[in-house]
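Examination of the molecular architecture
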Amino acid sequence: MALSMQPKRFTVGDYLAERLAQIGIRHHFVVPGDYNLVLLDKLQAHPDLTEIGCTNELNCSMAAEGYARANGPSACVVTYSVGALSAFNGTGSAYSENLPLILISGSPNTNDLSENHILHHTLGTTDYTYQYEMAKKITCCAVSIFRAEEAPRLIDRALRAALLARKPAYIEVPSNLANAACVRPGPISAVVDPVASDAAALDAAGKCAAEYLSGKLKPIILVGPKLRRAGAEKELLELAEAMGCAVAVQPAAKGMFPEDHKQFVGIFWGQVSTCGADAIVHWADAMICVGTVFNDYSTVGWTAMPDIPLMTAEMDHVTFPGAHFSRVRLSEFLTSLSSQVNFNDTTLVEYGRLRPDPVLVHNAKSGDALTRKEVSRQVQGLLNSEADRTTLFVETGDSWFNGIQLQLPPGAQFEIEMQWGHIGWSLPAAFGYAIRHPERRIIIMIGDGSFQVTAQEISQMVRYKLPIIIVLVNNRGYTIEVEIHDGSYNKIKNWDYAMLIQAFNSTDGKAKGLLANTAGEFTDAVKVATKNLEGPTLIECTIDQDDCSKELITWGHFVAAANGRPPRGTGRGD
Ligand code: DPX
Ligand code: MG
């Protein structure tokens, strides 16, 4: 646009709005408050941004976290302290799950600082730096704008850091600066263009990989959750096919390598692996780990940490036993490796011998009391029916184990929040994801305890007419905790979950709430859910409190043992 044609006044709020739109954000998630109202007006005025209101800031941050899974960058806009401190939780999730969520908070008027005023929504002291200081710990870049002139530089810095690191960033905008005059943004390439690999490091890492693999007879690939965040799924597939070896996947990376691919050998997490993946992982003598996360959960309380020397390719570096290469982009490294590796399908051939036979699935009779296995069997049918447009969200609890056991048909997507593990994440996260992908059929598997944490966000699914199917497994409490370490604290107040949906509908909603006590009732409810396209459908599935997966019990046993390790000496002689 010629300078003369541009509207006269451009503000800090406009600058931020323009940059958010330029990095690919189409929807921003908000809860209003008097510190951010002018800023919200500015964001609202941008033609490429649509405001999505949320019921509270925890849910708002989790909705933005889910939107980031679907879109890449996302934005959560909240008010000072009372809002932002709740939104820190979803921001922590985005940090641990490697998602570039931009947390934007309104803040006190810049004049109040020098005037030593005590302000509402704050700690009641005159220190107004605490929120920014806290945000620094849970983001890759936190900026607090104190002068309008600084806004372009600070906003660009925060956005670029988030996009490069795939981590959240924090931008604090004082209430009197959103409308302050500001220059217009320069080319967006300065913010979004990636840093290319260092040519020498890339070359050296490739040579080191050849050395690592030489003399190894049984290589295997292990895929981890950072693969998708690095945007390198296609390159990994090419490498796998060039090698022809077995490919195992970590639980948090389910779906990042196609499960119908002949080289897929299951989900590896020690004794609770699917399809016998643990046997072939332990048989291998070389392991290419791509975007992996070895934590106490994925290693089943440290019982399943691979014990051979590993080659580890991360988002921006590669590590070998005895060597490290920085500034090597994952996609570029995988592509260079594909052109060098030898075909060696030893692990895949052996897996053919080790592979467990398919389990005979028992169909319950229509009048049989509903069980966990029957819920899973029918959810598998639902997944298969329109796989290429289905995304399955699985919540912390036994839903993790049940979801991970399901077979992902071609095109089906899978979302899990295994590093942060916040119960209740799946409702707002699926809402955020659905805002970006309304064309997909979204299924949530969630337990009753998790549901009670964030249930309000269902009213947003009603408001935006999103046909999300919520399979709520009511086992009357925190069963995962019951099996790990029981106590009265694992009991919760039962709700009439199906009835709750009517309250969210009020007079205008089209959501449906259904109760399934038997296999046949669940079948009927699933049919209703697939036909209800004007809002969410919640199916409450009643099962026995101890009806849980054997994987949960085994995993819970070892994780509890790891949690309960006695303290080691402090090194001070005591
Ligand atoms: C807790 C967990 O009902 O699932 O299948 O019955 O276990 P299951 P529910 O949703 O219960 C979940 C419950 C209390 N974890 O068993 S996994 C601790 C926890 C957490 N996140 C937050 N608070 C506590 N993971 C926010
Ligand atoms: Mg439960």
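These lines cover the structure that appears in this document, whether it is placed above or below. (Residues numbered from 1 in each chain as written. Chains lettered and ligands numbered in written order. Predicted model: local features only at pLDDT ≥ 70, side-chain atom pairs only at ≥ 80, totals over all residues. Heavy atoms only, no water.)

**Here's the deal with the sheet that holds strand S17 (residues 469-474)**
Read across the sheet, 6 strands follow the order S15-S14-S16-S17-S19-S18 without closing on themselves; strand pairing throughout is parallel. Only two strands of the sheet have a single partner each, and these edge strands are strand S15 (413-416) and strand S18 (512-516). Averaged over neighbouring strand pairs, the angle between their axes works out to 15 degrees when direction is ignored. Two strands pair when backbone bridges link them, and strand S14 (residues 390-394) and S15 are joined in this way by 4 bridges, in the parallel orientation. Across the sheet, the residue bridging to Leu392 is Phe414, located in S15. Contacts between helix H17 (residues 426-436) and the sheet are confined to S14, S15, strand S16 (441-447) and S17, with S16 contributing the most and set at about 175 degrees to the helix. (Pairing = 2+ DSSP bridges. Helix = DSSP H or I, 4+ residues; strand = E, 2+ residues; numbered from the N terminus. Axes fitted to C-alpha atoms, helices over the stretch in contact; angles between N-to-C directions. Contact = heavy atoms within 4.5 Å.)

**Let's talk about the site of ligand 1**
Around ligand 1, the surrounding shell holds 16 residues, and the nearest of these are Gly421, Asp448, Gly449, Ser450 and Ile480. The separation between a nitrogen atom of ligand 1 and a polar main-chain atom of Ile423 is 3.1 Å. Here an oxygen atom of ligand 1 sits 2.6 Å away from a polar atom, N or O, in the side chain of Asp448. Protein coverage of the free-state accessible area of ligand 1, which is 600 Å², stands at 78%. For the shell around ligand 1, the residue count by class is 3 nonpolar, 10 polar and 3 charged. (Near = heavy atom within 4 Å. Polar contact = N/O pair within 3.5 Å; in protein donor to acceptor, adjacent residues only side chain to side chain. Areas by Shrake-Rupley, 256 points an atom, 1.4 Å probe, with all protein chains shown as cover. Nonpolar A, V, L, I, M, F, W, Y, C, P; charged D, E, K, R; others polar.)

**A short note on the nonpolar core**
In this structure, Ile221, Val223, Phe333, Phe522 and Trp555 are the most contacted members of the largest nonpolar core, which totals 73 residues. Counting residues per element, this core draws most heavily on helix H9 (residues 199-213), at 7 residues. Beyond its immediate sequence surroundings of up to four residues, Val223 is in contact with Leu236, Val247, Ala248, Val249, Gln250, Ala253, Met256, Phe257, Val290 and Thr292. Cys60, Ala94, Leu103 and Leu427 belong to the second-largest nonpolar core, a separate cluster that totals 49 residues. (Core = buried A, V, L, I, M, F, W, Y, C linked by side-chain atoms within 4.5 Å. Buried < 20%, exposed > 50% of the residue type's maximum accessible area, 1.4 Å probe, protein only.)

**Thoughts on the side chain of Glu540**
Within the secondary structure, Glu540 is located in strand S19 (residues 537-542). In this structure the side chain of Glu540 is engaged in a polar contact, spanning 3.0 Å, whose partner is the side chain of Asn474. A distance of 3.4 Å separates a polar side-chain atom of Glu540 from the backbone nitrogen of Tyr497. Contact partners of Glu540, with chain neighbours within four places excluded, come to Leu472, Asn474, Trp495, Asp496, Tyr497, Ala498, Leu514, Leu515 and Ala516.

**What to know about the pattern of salt bridges**
A complete count under the given rule lists 21 salt bridges for this structure. Of the charged contacts, one joins Arg353 and Glu350 as a salt bridge, the two residues approaching to 2.5 Å between their closest N and O atoms. Of this pair, Arg353 and Glu350 are both found in helix H14 (residues 346-354), 3 residues apart, which corresponds to roughly one turn of the helix. Two residues, Glu374 and Arg377, come together in a salt bridge whose shortest N-O distance is 2.8 Å. Taken as a pair, Glu374 and Arg377 lie in helix H15 (residues 372-385) at a separation of 3 residues, close to a single helical turn. For Glu374, a relative accessible area of 3% translates into the label buried. (Salt bridge = Lys/Arg side-chain N within 4 Å of Asp/Glu carboxyl O.)

**Some thoughts on the coordination of the magnesium ion (ligand 2)**
Looking at the metal site, the magnesium ion (ligand 2) is ligated by Asp448 (OD), Asn475 (OD1) and Gly477 (O), spaced 2.0 to 2.1 Å from it. Sequence spacing of the donors to the magnesium ion (ligand 2): D-x26-N-x1-G. No difference in accessibility class separates Asn475 from Gly477, as the two residues are buried. (Donors = N, O, S within 2.8 Å, 3.2 Å for Na, K, Ca; no water.)

**Considerations on H17**
With respect to burial, H17 is a largely interior element, 10 of its 11 residues being buried. Along H17, the residues that are buried comprise Ser426, Leu427, Pro428, Ala429, Ala430, Phe431, Gly432, Tyr433, Ala434 and Ile435.

**What about the pairing of strand S11 (residues 310-313)?**
On S11, burial covers both faces: Leu310 and Thr312 on one face and Met311 and Ala313 on the other are all buried. Pairing of strand S10 (residues 286-290) with S11, which is carried by 4 bridges, proceeds in the parallel orientation. Pairing of Met287 across the sheet is with Leu310, part of S11. Relative to strand S12 (residues 317-320), S11 runs antiparallel, the two sharing 2 bridges. Counted as the bridge partner of Ala313 is Val318 from S12.

**So, the environment of Ile138**
Examined against the element boundaries, Ile138 turns out to sit in the loop between helix H6 (130-137) and strand S5 (141-144). When sequence neighbours within four positions are dropped, the list of residues in contact with Ile138 reads Phe88, Thr91, Tyr95 and Pro168.

**Digging into the environment of Ile443**
Of note, Ile443 is situated in strand S16. In the structure, Ile443 is positioned 93 residues away from Pro536 in sequence and 9.9 Å away in space, judged by C-alpha atoms. Ignoring any residue separated from it by four or fewer positions in sequence, one finds Ile443 in contact with Leu382, Thr390, Thr391, Leu392, Phe393, Ile469 and Val471.

**Observations regarding the environment of Ala248**
Relative to the helices and strands, Ala248 is located in strand S8 (residues 246-249). Judged by its relative accessible area of 0%, Ala248 is buried. When the C-alpha atoms of Ala248 and Glu211 are compared, they prove to be 23 Å apart, with 37 residues separating the residues in sequence.

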